[in-house]
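Examining the three-dimensional arrangement
So the chains spell out like this:
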Amino acid sequence: MSATPTNSPTQASLRRLIGKVIDKYPKQEDILPITDLYLRLKPEGGEVLVYDDDDNEVTRCVVEEWIGDTREDFYEAVRPILQSELAAMHPQIEQMGIIKPFSFVMQDEEGETIADLYLVDSERIVLDDELMKGLDADLDAFWKELETR
């Protein structure tokens with residue numbers, strides 16, 4: 001599977017799916033204490049199902065291009081596509097009626113966590129684990145510098 005072209009059927013399906021999730025959690029005074037939304041991918045049927053913390057289905061869609069995808073690296077291949085679509089809808093996601101921080105998590109068809117896709121915090125957004133690489137080394141250097149002062 002190559003990168004998904006702009007305005008592809010996959011992109012349209014995923015944006016509709018994310019839009020439905022956003023619609024389920026509108027901005028309101030009493031925000032909900034949900035910590036994660038799980039995107040469970042079932043490549044055999046091309047399904048993407050979204051669940052809340054209590055394993056209640058929020059919504060679902062079928063991504064035609066993913067039906068029957070049996071590659072071993074399927075989840076690795078679709079991860080950047082999902083992250084890109086979530087990032088594209090960042091302004092709407094920020095307005096969701098969910099207590100921050102909350103995250104979107106990718107799961108396999110059995111519900112096992114594959115990757116954190118998108119974390120929204122009131123002051124920061126983490127789109128990818130790559131952003132966190134080297135954090136320990138940076139913190140260690142910071143503490144050592146403080147000790148020498």
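Just so it is clear, the structure is predicted and the values come from calculations on it, not from any experiment. Every chain is numbered on its own, with residues counted from 1 as its sequence reads. Only residues with pLDDT of at least 70 are given local features in this predicted model, and only at 80 or more are side-chain atom pairs given and counted; all residues enter the totals for whole chains, interfaces and linings. The side-chain values count all of the structure's non-hydrogen atoms but skip hydrogen atoms and water molecules.

**Section: the nonpolar core**
Keep this limit in mind: We call a set of buried residues a nonpolar core when its members are Ala, Val, Leu, Ile, Met, Phe, Trp, Tyr or Cys and they connect through side-chain atoms within 4.5 Å of each other. Burial status follows relative accessibility: with a 1.4 Å probe on protein chains alone, a residue under 20% of its type maximum counts as buried, one over 50% as exposed, and anything between as partly exposed. Strands here mean DSSP runs of E at least two residues long; helices mean DSSP runs of H or I at least four residues long; both are numbered from the N terminus. Throughout, a contact is declared for two residues whenever any of their heavy atoms are within 4.5 Å.
If you look at the biggest cluster of nonpolar residues, it comprises 33 residues, and the most contacted ones within it are Leu37, Leu41, Trp66, Ile93, Met96 and Phe104. Only helix 1 (9-24), strand 1 (36-42), strand 2 (47-51), strand 3 (57-62), helix 2 (74-88), strand 4 (102-107) and strand 5 (113-120) provide two or more residues apiece to this core. With six residues, the top contributor of residues to this core is helix 2. The contact partners of leucine 37, leaving out residues within four places of it in the chain, are Val21, Tyr25, Val50, Tyr51, Asp52, Val58, Met96, Ile98, Ser103, Phe104 and Val105.

**Notes on helix 2**
Cut-off, in case you're wondering: Working rule for helices: expected span equals 1.5 Å times residues minus one.
The first and last C-alpha atoms of helix 2 sit 22 Å apart over 15 residues, in line with the 21 Å expected at 1.5 Å per residue. Among all positions in helix 2, only Phe74, Tyr75, Ala77, Val78, Arg79, Ile81, Leu82, Gln83, Glu85 and Leu86 are buried. Those residues of helix 2 that are buried are in contact with helix 1, strand 1, helix 3 (90-94), strand 4 and strand 5.

**Details of a negative patch on the surface**
Condition: Like charges are joined within 9 Å and nonpolar side chains (Val, Leu, Ile, Met, Phe, Trp, Tyr) within 5 Å, but only among residues with over 30% relative accessible area and no salt bridge; these make up the patches. Surface accessibility follows the Shrake-Rupley procedure with a 1.4 Å probe radius. Residue values consider only the protein chains on display as shielding. Definition used for salt bridges: Asp or Glu carboxyl oxygen within 4 Å of a side-chain nitrogen of Lys or Arg. The charged-residue count follows a simple rule in which Lys and Arg add positive charge and Asp and Glu add negative charge, with His and chain termini not counted at all. Positions of charges follow a simple convention, taking NZ of Lys, CZ of Arg, CG of Asp or CD of Glu.
The grouping of Glu44, Glu109, Glu110 and Glu112 at the surface amounts to a negative patch. As for its position among the elements, glutamate 110 is in the loop between strand 4 and strand 5. Residue glutamate 110 is classed as exposed on the basis of its relative accessible area, which comes to 60%.

**A look at the packing of aromatic side chains**
For clarity, the threshold we go by: In summary, the pairing rule links any two rings of Phe, Tyr or Trp, Trp by its six-membered ring, whose centres are within 6.5 Å, and it sorts them by plane angle into stacked for under 30 degrees, edge-to-face for over 60 and tilted for everything else.
Throughout the structure, instances matching the rule amount to four aromatic pairs. Taking 5.7 Å as the distance between ring centres and 90° as the angle between the ring planes, the aromatic pair formed by tryptophan 66 and phenylalanine 74 counts as edge-to-face. A single burial state applies to tryptophan 66 and to phenylalanine 74, both of which are buried. Measuring from centroid to centroid gives 5.2 Å for phenylalanine 74 and tyrosine 75, while their planes differ by 75°, and the two rings are edge-to-face. Given a relative accessible area of 2%, phenylalanine 74 falls into the buried group.

**Thoughts on the pairing of strand 4**
The criterion, for reference: In this description, strands pair whenever DSSP reports at least two bridges between them.
Most of strand 4 is tucked away, with six of its six residues classed as buried. Of the two faces of strand 4, the one carrying Phe102, Phe104 and Met106 and the one carrying Ser103, Val105 and Gln107 are both buried. Two elements, strand 1 and strand 4, share five bridges in a ladder whose sense is parallel. Paired with aspartate 36 across the two strands is serine 103, which belongs to strand 4. Summarising the sheet, strand 4 and strand 5 pair through six bridges and their orientation is antiparallel. Directly across from glutamine 107, in strand 5, lies its bridge partner threonine 113. Between strand 4 and the antiparallel strand that follows it, strand 5, lie five residues; glycine 111 among them carries a positive phi value of about 90°.

Just distances and angles here, no functional claims.
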